[in-house]
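Structural description and commentary
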Amino acid sequence: MQHGIFVAPFGDLADPHRLMDLGRAVEESGWDGLFLWDHVLRPETNEIIDTWIALAALATATTRVRLGPMVTPIPRRRPIKLAREVLTVDLLSQGRLTVGVGSGVDTGGELTRFDEVVDPRARGARLDEGIGLLARLLEGDTVAHIGEHFTVDGVSLEPRPAQLPRPPIWCAARGTAMKPVRRAARFEGMFPIELDADTFRRALDEVAALRGDLDGFDVCVRTGHDGEIPHFAHEGATWILRAFPPVVDLGHLFDVVVHGPPR
């Protein structure tokens, strides 16, 4: 079991230097990873910094911990721009990037207020098409694709990432829906939220049935904001992320971090 810190780059953490201080504290205190929310608007605060630029800063401030967005919404991104960001942060971190992806939410109006796609089915279709393109670009393919949502006309990505054939991809899954679980089974990991013990077991069974087993597949479960680990996590989780509220009290956050993970 590996343990990470999961925070939003909002409020007092909407400061790259403070976030770099956090990254150093996470690493020095024995945690295995630091993962960031990825949003452009939220109802809690308008103090928000860009997650991918923040990850680049964290890559220079740390040497060991795993880093990544949890999760980047592909439907409101352009695949080539995201692929270049993934490649750059993976090289900058010397192969410590995990790419969390999902379909996004409109909680703060970050879809509706920019005329992005809102319909969940349409976002799911864009995610499926976009994640396939992202993976192929990162794996070094010359991609020629004319799809329903994206077009790529004979493009390859260079240089190669530090992690070959590409950085691992974890897919978000929510509640009882099995389609996101089946999507995750095609890649390297799953980040399930809003689930109970029965739903968790069902999701793991689905992944195992599709892959043959769970070997090499990461299952990342977050705690409550109080730090309580879901009782079912020991049944198959490989990562536990200590979660915090969107706008966090820095004193409390650093106190939790410096005490280290619950080994």
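Quick summary incoming for the structure in this document. Everything numeric in this text was worked out from a predicted model, so none of it was measured. (Residues numbered from 1 in each chain as written. Predicted model: local features only at pLDDT ≥ 70, side-chain atom pairs only at ≥ 80, totals over all residues. Heavy atoms only, no water.)

A look at the overall build of the chain
If you tally the helices and strands in the chain, you get seven helices and eleven strands. Compactness check: the chain gives a C-alpha radius of gyration of 18 Å against a globular reference of 18 Å for 263 residues, within 12% of the reference. Here the C-alpha coordinates of the chain stretch approximately 50 × 40 × 35 Å along the principal axes. Counted over contacts in the chain with a minimum sequence separation of 6, partners at least 24 positions apart contribute 67%. (Helix = DSSP H or I, 4+ residues; strand = E, 2+ residues; numbered from the N terminus. Rg over C-alpha atoms; globule rule 2.2 N^0.38 Å. Contact = heavy atoms within 4.5 Å.)

Notes on the pattern of salt bridges
Inspection of the entire model under this criterion finds 16 salt bridges. A single network of salt bridges, built from pairs that share partners, joins D128, K179, R183 and R186. (Salt bridge = Lys/Arg side-chain N within 4 Å of Asp/Glu carboxyl O.)

Digging into the pairing of strand β11 (residues 239–243)
Within β11, five of the five residues are buried, which leaves the element mostly enclosed by the surrounding structure. Of the two faces of β11, the one lined by W239, L241 and A243 and the one lined by I240 and R242 are each fully buried. Bridge count between strand β1 (residues 2–7) and β11: five bridges; the pairing is parallel. The partner of F6 across the bridge, within β11, is A243. Summarising the sheet, strand β10 (residues 218–222) and β11 pair through three bridges and their orientation is parallel. (Buried < 20%, exposed > 50% of the residue type's maximum accessible area, 1.4 Å probe, protein only. Pairing = 2+ DSSP bridges.)

As for empty space enclosed by the protein
Tallied over the full model, the rule gives one cavity of 30 Å³ or more. The space that makes up the largest cavity amounts to roughly 30 Å³. Lining the largest cavity, in full, are A173, R174, G175, A177, V181, P192, L195, T199 and A203. Of all the secondary structure elements, the ones that give two or more residues to the lining of the largest cavity are β8 (169–174) and α6 (197–211). Residue composition of the lining of the largest cavity, by class: six nonpolar, two polar and one charged. (1 Å grid on protein atoms, 1.4 Å probe; cavity = no way out; pocket = protein on both sides within 12 Å on 5 of 7 lines; lining within 4 Å. Points joined across faces, edges and corners; volume = space filled by probe spheres on them. Nonpolar A, V, L, I, M, F, W, Y, C, P; charged D, E, K, R; others polar.)

Overview of the side chain of D32
With respect to the helices and strands, D32 occurs in the loop between α1 (16–28) and β2 (33–36). Apart from residues no more than four positions distant in its own chain, D32 is found in contact with Q2, H3, R64, V65, R66, W239 and R263.

Quick look at the sheet that holds strand β3 (residues 66–69)
If you trace the nine strands from one edge of the open sheet to the other, you get β3-β2-β1-β11-β10-β9-β8-β5-β4, paired in parallel fashion. At either end of the open sheet lies a strand with only one pairing partner, and these are β3 and β4 (72–73). Here strand β9 (residues 189–193) pairs with β10 via two bridges, running parallel. Looking across to β10, one finds that M190 is bridged to V219.

Here we look at the layout of surface pockets
Think of a ball as big as a water molecule: rolled over the atoms, this probe shows where empty space is left. Here the largest pocket defines a volume of roughly 870 Å³. In this structure, the largest pocket is lined by 35 residues; those nearest its centre are G104, V105, A172, R174 and I193. Counting only elements with at least two residues in the lining of the largest pocket, the list comes to α4 (120–138), β8, α5 (179–185) and β9. Considering every element that reaches the lining of the largest pocket, the biggest residue donor is α4, with six residues.

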